[in-house]
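So the chains spell out like this:
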2 protein chains.
Amino acid sequence: MTTNFPVDSVGLVTPQIMSFDKPLRLACGKELAAGYEIIYETYGKLNEHRSNAVLICHALSGHHHAAGYHKEDEKKSGWWDNYIGPNKPIDTNKFFVVSINNLGGCNGSTGPTSINPETNKPYGSTFPIVTVEDWVNSQARLADKLGIVQWAAVVGGSLGGMQAMQWAISYPDRLRHCVAIAAAPKLSAQNIAFNEVARQAILSDPDFLEGNFQEQGVIPKRGLMLARMVGHITYLSDDAMGQKFGRDLKHEKLNYDFHNVEFQVESYLRYQGEEFSGRFDANTYLLMTKALDYFDPAAKHNGDLATTFAHVNASFFLISFTTDWRFSPARSKEIVDALVAAGKNVSYLDIDAPQGHDAFLMPIPRYQEAFTTYMQRIVI
Amino acid sequence: MTTNFPVDSVGLVTPQIMSFDKPLRLACGKELAAGYEIIYETYGKLNEHRSNAVLICHALSGHHHAAGYHKEDEKKSGWWDNYIGPNKPIDTNKFFVVSINNLGGCNGSTGPTSINPETNKPYGSTFPIVTVEDWVNSQARLADKLGIVQWAAVVGGSLGGMQAMQWAISYPDRLRHCVAIAAAPKLSAQNIAFNEVARQAILSDPDFLEGNFQEQGVIPKRGLMLARMVGHITYLSDDAMGQKFGRDLKHEKLNYDFHNVEFQVESYLRYQGEEFSGRFDANTYLLMTKALDYFDPAAKHNGDLATTFAHVNASFFLISFTTDWRFSPARSKEIVDALVAAGKNVSYLDIDAPQGHDAFLMPIPRYQEAFTTYMQRIVI
């Protein structure tokens, strides 16, 4: 059946949808009405003792399709196919992997593009603000439905790493390992500032129509494009951009006008923005940036991260990348220091990689080896 | 008369306008029609030998009003008042200081908001693209008119530093010292990328009207605001933003919505964007970012900066700031290395400062002392 796919691929996968019959109480004080849905994929098999389940949490623009292919003739695999599959770091011969799309998303889980049962219209901007804590609670309900009492590991990069951390804090007995890659214990002022630029780009787009653009059959394309462009710059290192584009020209010589693209990097950014604006929901983008901004588990403990981690039982594995300036190695070290101060099990690796924040998605030998070694040691 | 102003201020100043009766040939191949004007201010007195003149070149959103006050009751002084005045680093007891607004600007020199004599309408987007080389040529014509054959020094920060460097290259005999602060020999791909986001924000604003908004009586306010917000983030260091705002909330508690500002840093950025969009011209902003992008004096010498500097006669003083990530110390060191390789006189200082790129505007003791010492040694 899947002979067309690489041998280390999970092959053809079919997303599944789980519906929940109780409302979900959210951090913002609102409730998500009963009937909300979470779309997810699974790779590998749940073992008899249900002890080999791994949860994958996605980052800002991610989704449930982390590995494999949706169609026989598909060229593009899931977003973390480099790390999930037979004999890959998250080895599907060993683990039963669950990958979800978070609530508020735009890839199949209930979100702003879904129909609000109370109004029979798309939620749009009325979709409630969801936080990392809310997501973890919703993921715990999914685990209940799947009969997974305890995850072997909860794993994520960037915003996904924040969810993994929140799992260890919110449900200390429901995971044995927390793998947080290129993450931070909370956003810095600069991180929030970049998110705010992205939000203002969307909110100020005349086609945003206060978030109800879907009903009007339009898309705030300009705003989404700008949001993605500015985001994209922060995902790459200065070095990576320099190596990839430098000051290479798009045409043979300079045009000295605003209509033509002069430099390759401009062309690349515009393409990234254009492509993204055609596939991502603006309200979801707003929600995801807010979830990032609000994440600050230590806030409940007067900013003391060690106290925040006092009751966690999971062992931690943290990875950072040298050229990541969105969530720099120093941010991972804050987490490591707090875990050490709290007397917890923690392994930490700073990977020398030129790719910046995006490195967490890339096949980097030392990262692959260390990740493989850690996951192999997990007892199931 | 000026007793209300601080004793180390140049006091009340009146801008002057110089008109030029020959067209200016530009790097883009076009000509700026005869009759174009440059607004400028002067501080101090030109000495008998005309050997004490210092030219101040401004950065992206700067202008001619670098020091002193325009009105008796004014609270806000010129943008570089920390560094220009009696007994200040650029000591007006010693130097005759000339500060201009560049062509393409929106503060009095001929630019997109000026009337195009050929059409009797504002230039708008038809104003030709101007480069750092063009500016330096236009500044040389102003020097001619002022009877300044050779500047004691040409001084600038950021884009202003690039103009100072270009002076040394284009007119090796017309300056004795080049002071380039927080500059770079050319933009990196990341620098260009940030400029491109700013440009797209403006160009995609429906009120931009292809650059002819002035005729229609509108302003692309949203685009300018976004451009300034993203620019502003790059002017400050992550640390500076952290120290200034951290994660401080605007209100006592979180609101969990998109209408209220949650964090102080969001409020600050929006204010900066709003304020800027009310006082700066969108076409000028586009032109300034393009001048930055195009600056690459070594391009004519196969990228070899040392060869580019082979014929300069000026002594150089370069200053960078440790936390500047827009034009990092490494960028200044590229210039230093090339000057050393070319066997030129160069002094370089990396100043430990938390403020990021904006440090070049701030009163920082070591910076002030070093700058003062260098300027004092200049023989007039």
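Residues numbered from 1 in each chain as written. Chains lettered and ligands numbered in written order. Predicted model: local features only at pLDDT ≥ 70, side-chain atom pairs only at ≥ 80, totals over all residues. Heavy atoms only, no water.

**Side note on the relation of the copies chain B and chain A**
Right, on to step 1. In the superposition of chain B on chain A (RMSD 0.0 Å, axial shift 0.0 Å), the rotation amounts to 180°. These values place the two chain copies in the arrangement generated by a two-fold rotation axis.
Right, on to step 2. Mapped onto chain A, 100% of the interface residues of chain B are again interface residues, and the two copies thus contact each other with one and the same surface. (Least-squares fit on C-alpha atoms with pLDDT ≥ 70 in both. Contact = heavy atoms within 4.5 Å.)

**Side note on the sheet that holds strand β11 (residues 151–157) of chain A**
Sheet strands associate in pairs through backbone hydrogen bonding, adopting either a parallel or an antiparallel arrangement.
Residues and elements named next belong to chain A.
Right, on to step 1. The strand order across the open sheet formed by eight strands is β1-β4-β8-β5-β11-β12-β13-β14, and the pairing between neighbours is mixed. Taken across any chain shown, the strands that pair with only one partner, and hence form the sheet edges, are β1 (16–19) and β14 (346–351). Neighbour-to-neighbour, the strand axes of this sheet turn through a mean angle of 20°, independent of strand direction.
Right, on to step 2. Taken together, the six bridges between strand β13 (residues 315–321) and β14 define a ladder with parallel strand orientation. When the bridges of β14 are listed, Ser320 appears paired with Asp350. (Pairing = 2+ DSSP bridges. Helix = DSSP H or I, 4+ residues; strand = E, 2+ residues; numbered from the N terminus. Axes fitted to C-alpha atoms, helices over the stretch in contact; angles between N-to-C directions.)

**Description of helix α1 (residues 132–146) of chain B**
Residues and elements named next belong to chain B.
Right, on to step 1. When the terminal C-alpha atoms of α1 are compared, their 21 Å separation across 15 residues agrees well with the 21 Å that a helix rising 1.5 Å per residue should span.
Right, on to step 2. Listing the buried residues of α1 in full gives Val132, Asp134, Trp135, Val136, Ser138, Gln139, Ala140, Leu142, Ala143 and Leu146.
Right, on to step 3. Backbone geometry just after α1 places Gly147 at a positive phi near 75°. (Expected span 1.5 Å × (residues − 1). Buried < 20%, exposed > 50% of the residue type's maximum accessible area, 1.4 Å probe, protein only.)

**Quick word on the packing of aromatic side chains**
Right, on to step 1. A full pass over the atoms with the stated rule returns 44 aromatic pairs over all chains.
Right, on to step 2. Aromatic side chains A:Trp79 and A:Trp80 sit 5.5 Å apart centroid to centroid with 15° between the ring planes, which places their arrangement in the stacked category. Each of the two residues, A:Trp79 as well as A:Trp80, counts as buried.
Right, on to step 3. Taken together, a centroid distance of 5.0 Å and an interplanar angle of 75° make the contact between A:Phe321 and A:Tyr367 edge-to-face. Here A:Tyr367 lies in helix α11 (residues 365–377) and A:Phe321 lies in strand β13, a separation of 46 residues in the sequence. With respect to burial, A:Phe321 and A:Tyr367 carry one shared label: buried.
Right, on to step 4. Clustering of aromatic rings is evident, with ring pairs tying together A:Trp79, A:Trp80, A:Tyr83, A:Phe321, A:Tyr367 and A:Phe371.
Right, on to step 5. The residue whose ring lies beneath A:Arg326 is A:Phe327, and the NZ or CZ to ring-centre distance is 5.8 Å.
Right, on to step 6. The cationic tip of B:Lys145 hangs over the ring face of B:Phe20; the distance from NZ or CZ to the ring centre is 5.4 Å. (Phe/Tyr/Trp six-rings, centres within 6.5 Å; stacked < 30°, edge-to-face > 60°. Lys NZ or Arg CZ within 6 Å of the ring centre and 35° of its normal.)

**With respect to the pairing of strand β8 (residues 96–100) of chain B**
Residue and element names in this part refer to chain B.
Right, on to step 1. Across the five residues that make up β8, a large majority, five, are buried.
Right, on to step 2. Judged by which residues are buried, β8 turns out to be covered on both faces: Phe96, Val98 and Ile100 on one side and Val97 and Ser99 on the other are all buried.
Right, on to step 3. Across four bridges, the pairing between strand β4 (residues 37–43) and β8 is antiparallel. Directly across from Glu41, in β8, lies its bridge partner Ser99.
Right, on to step 4. Two elements, strand β5 (residues 53–57) and β8, share four bridges in a ladder whose sense is parallel.

**Notes on the side chain of B:Ser9**
Residues and elements named next belong to chain B.
Right, on to step 1. Within the secondary structure, Ser9 sits in the segment before β1 (16–19).
Right, on to step 2. Exposure remark for Ser9: the relative accessible area of 9% places this residue in the buried category.
Right, on to step 3. Side-chain polar atoms of Ser9 contact the backbone nitrogen of Gly11, separated by 2.8 Å. (Polar contact = N/O pair within 3.5 Å; in protein donor to acceptor, adjacent residues only side chain to side chain.)

**With respect to the interface of chain B and chain A**
Right, on to step 1. In this assembly, 51 residues from chain B lie in contact with 52 residues from chain A.
Right, on to step 2. Applying the counting rule to chain B against chain A returns six salt bridges.
Right, on to step 3. Across the pair A:Arg270 and B:Glu196 runs a salt bridge whose closest N-O atoms are separated by 2.5 Å.
Right, on to step 4. The tally of links from chain B across to chain A stands at 16 residue pairs in polar contact (both at pLDDT 80 or more). (Salt bridge = Lys/Arg side-chain N within 4 Å of Asp/Glu carboxyl O.)

**Re the environment of B:Thr307**
Residue and element names in this part refer to chain B.
Right, on to step 1. With respect to the element layout, Thr307 can be found in helix α9 (residues 305–308).
Right, on to step 2. Judged by relative accessible area, Thr307 falls into the partly exposed class, the value being 37%.
Right, on to step 3. A C-alpha to C-alpha distance of 26 Å links Thr307 and His58, two positions 249 residues apart in sequence.

**Quick word on the UniProt feature "binding site: substrate" (unreviewed entry) in chain A**
Residue and element names in this part refer to chain A.
Right, on to step 1. Under the feature "binding site: substrate" (unreviewed entry), the UniProt entry names Arg228 and Asp358. A compact arrangement is adopted by the annotated residues: their sequence extent is 131 residues, whereas the largest C-alpha distance between any two is 13.9 Å.
Right, on to step 2. Structurally, Arg228 can be placed in helix α5 (residues 221–235).
Right, on to step 3. The exposure class of Arg228 is buried, given its relative accessible area of 8%.
Right, on to step 4. A polar side-chain atom of Arg228 sits 3.4 Å from a polar atom in the side chain of Ser61. (UniProt positions renumbered as here; feature names shortened; annotations may be inferred.)

**So, the pairing of strand β11 (residues 153–157) of chain B**
All names here are of chain B.
Right, on to step 1. Burial runs high along β11: five of the five residues are buried.
Right, on to step 2. Across four bridges, β5 lies against β11 in parallel orientation. Within β11, the residue paired with Val54 across the bridge is Ala153.
Right, on to step 3. Sheet topology note: the β11/strand β12 (residues 177–181) ladder contains four bridges and is parallel. Note that in β12 the partner of Val154 across the bridge is Cys178.
Right, on to step 4. Regarding topology, helix α2 (residues 159–170) serves as the crossover connection from β11 to the parallel β12, and that connection is right-handed. (Right-handed = clockwise from strand over helix to strand, strands pointing away.)

**Structural notes on the pattern of salt bridges**
Right, on to step 1. Scanning the model with the defined rule gives 28 salt bridges over all chains in all.
Right, on to step 2. For the salt bridge of A:Arg174 with A:Asp144, the shortest nitrogen-to-oxygen distance reads 2.9 Å. In this pair, A:Arg174 is assigned in the loop between α2 (159–170) and β12 (175–181) and A:Asp144 in helix α1 (residues 132–146), connecting sequence segments 30 residues apart.
Right, on to step 3. Residue classification places A:Asp144 among the partly exposed residues on the basis of a relative accessible area of 48%.
Right, on to step 4. Of the charged contacts, one joins A:Arg222 and A:Asp207 as a salt bridge, the two residues approaching to 3.3 Å between their closest N and O atoms. Note that A:Arg222 is positioned in helix α5 and A:Asp207 in the loop between α3 (189–203) and α4 (213–216), a separation of 15 residues in sequence.
Right, on to step 5. Several salt bridges share partner residues, and in doing so they unite A:Glu196, A:Arg199, A:Asp293, B:Glu266 and B:Arg270 into one network.

**Here's the deal with the sheet that holds β5(B)**
All names here are of chain B.
Right, on to step 1. Here we have eight strands laid out as an open sheet, ordered β1-β4-β8-β5-β11-β12-β13-β14, and mixed in their pairing. Of all strands in the sheet, those with a lone pairing partner are β1 and β14 (346–351), marking the two edges. Averaged over all pairs of adjacent strands, the angle between strand axes in this sheet comes to 20°, irrespective of strand direction.

**Quick word on the packing of α5(A) against helix α7 (residues 264–277) of chain A**
Angle between the axes and distance between the axes: these two values describe a pair of packed helices.
All names here are of chain A.
Right, on to step 1. Relative to each other, α5 and α7 sit at 130°, their axes nearing to 8 Å. By the criterion of interaxial angle, the relationship of α5 to α7 is oblique. The handedness of the crossing between α5 and α7 comes out as right-handed. Where α5 approaches α7, its residues Lys221, Leu224, Met225, Arg228, Met229, His232 and Ile233 are matched on the opposing element by Tyr268, Leu269, Arg270, Gln272, Gly273, Glu274, Phe276 and Ser277.
Right, on to step 2. Partitioned by chemical class, the residues of the contact of α5 with α7 number seven nonpolar, four polar and four charged. (Parallel < 35°, antiparallel > 145°, perpendicular 65-115°, else oblique. Left-handed = near helix turned anticlockwise from the far one by under 90°. Nonpolar A, V, L, I, M, F, W, Y, C, P; charged D, E, K, R; others polar.)

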